[in-house]
Each structure stands twice: as structure tokens, then as C-alpha cells.
Amino acid sequence: MTEKLSDTGRKTVLEPLFATGWEMVEDRDAIRKTFKFDDFTAAFGWMTRAAMYAEKWNHHPEWSNVYNTVEVTLSTHDVGGLSSLDAKLARKMDGLIG
Ligand SMILES: C[C@H](O)[C@H](O)[C@H]1CNC2=NC(N)=NC(=O)C2=N1
């Protein structure tokens, strides 16, 4: 069962993500990050790898791609805000770089 992150949960799982460039979205319980790549192939290759995890975990990003840039927003629509699944996908996205 997915639940909205508690105040303590936020501190422990979100702070490390803020350190890697994730930030809170204004006026919404969601996090966002802009990923930059060398070129379109690198960007789309990364999206493809991230998409496999999103589908496996049934947790999908809001994202858009323009050439070498991918803008990602993560939130859990079923609970109307951030859950541990967003942190899990964010960590995976960071880990898939390179
Ligand atoms: C029916 C389906 O399982 C749900 O809508 C899933 C799919 N992917 C999802 N992705 C995200 N980011 N949040 C959700 O609440 C969500 N729910």
C-alpha cells in the first residue's frame, strides 16, 4: 500500500535527493530535476532504461525530452503527493546516469 511520505520520511529520503539536484515543485507535492546528456541518443537511452523500471514498479514519471535534456517530475497520483515510490524512482534515475 502506497502512502504519502510522513514528515520524518521526507527528511530521510528527500534530503539525499536534494543533494543530487532534485528540488520541490512550487505549489505541488512533487519533486523535479533536469537531466542533461551529451546528445539525444544518450538522453533517450537513459529514458528507455528508466522506463523499464517505471513499468516494472508501476510508477511512472511525468517527463519531457528536448534533444539532450530531460525534465522529470515525480509524484504519486494515487495519493496526491510524494510517496516512497517517488524517492525510489528518483534514486534509480540518478543511478542510471553514466
Ligand atoms: C492504475 C495504475 O496502477 C495506477 O494509476 C498507477 C500507475 N502509475 C503511477 N504513476 C505515478 N507516478 N503515480 C501513480 O499514482 C501511479 N499509479
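Residues numbered from 1 in each chain as written. Predicted model: local features only at pLDDT ≥ 70, side-chain atom pairs only at ≥ 80, totals over all residues. Heavy atoms only, no water.

The protein goes by Putative pterin-4-alpha-carbinolamine dehydratase in an unreviewed UniProt entry, where it is assigned to Sagittula stellata. The UniProt entry for the protein carries the following text under Catalytic activity (unreviewed entry): "(4aS,6R)-4a-hydroxy-L-erythro-5,6,7,8-tetrahydrobiopterin = (6R)-L-erythro-6,7-dihydrobiopterin + H2O". (UniProt positions renumbered as here; feature names shortened; annotations may be inferred.)

Draft legend 1. Structural context of the layout of surface pockets. Put simply, the largest pocket is a space of about 160 Å³. If you trace the largest pocket, you find it lined by Thr-2, Asn-58, His-59, His-60, Ser-75, Thr-76, His-77, Asp-78 and Leu-85. Residues that form the lining of the largest pocket fall into these classes: one nonpolar, seven polar and one charged. (1 Å grid on protein atoms, 1.4 Å probe; cavity = no way out; pocket = protein on both sides within 12 Å on 5 of 7 lines; lining within 4 Å. Points joined across faces, edges and corners; volume = space filled by probe spheres on them. Nonpolar A, V, L, I, M, F, W, Y, C, P; charged D, E, K, R; others polar.)

Draft legend 2. Quick look at the sheet that holds strand β2 (residues 31-36). Here we have four strands laid out as an open sheet, ordered β1-β2-β4-β3, and antiparallel in their pairing. In this open sheet, the two edge strands, each paired with only one partner strand, are β1 (23-24) and β3 (62-66). By the bridge criterion, six bridges tie β2 to strand β4 (residues 69-74) in an arrangement that is antiparallel. Residue Lys-36 lies in a different strand from β4, and its bridge partner there is Thr-69. Helix-sheet contacts for helix α2 (residues 40-56) involve β2, β3 and β4, and the interaxial angle to β3 is about 160°. (Pairing = 2+ DSSP bridges. Helix = DSSP H or I, 4+ residues; strand = E, 2+ residues; numbered from the N terminus. Contact = heavy atoms within 4.5 Å. Axes fitted to C-alpha atoms, helices over the stretch in contact; angles between N-to-C directions.)

Draft legend 3. Up close: the confidence of the model for the protein. Overall, the predicted model of the protein reaches an average pLDDT of 97, with 99% of residues at or above 70. Put simply, helix α1 (residues 7-18) is where the protein has its lowest mean pLDDT, 95, and β4 is where it has its highest, 99. Per the prediction output, this complex has pTM 0.97; the corresponding ipTM is 0.96. (pLDDT = per-residue confidence, 0-100.)

Draft legend 4. Spotlight on unusual backbone geometry. The phi torsion at Asn-58 lies on the positive side, around 50°, for a residue other than glycine. Its place among the elements puts Asn-58 in the loop between α2 and β3. According to the relative accessible area criterion, Asn-58 is exposed, its value standing at 60%. One non-glycine residue, Tyr-67, adopts positive backbone phi at about 50°. (Buried < 20%, exposed > 50% of the residue type's maximum accessible area, 1.4 Å probe, protein only.)

Draft legend 5. Molecular detail of the pairing of β3. In this structure, β3 lies alongside β4, joined through five bridges in antiparallel fashion. When the sheet's bridge partners are listed, Asn-65 is paired in β4 with Val-70. Counting the residues that bridge the hairpin from β3 to β4 gives two residues, and of these Tyr-67 lies at a positive phi of roughly 50°.

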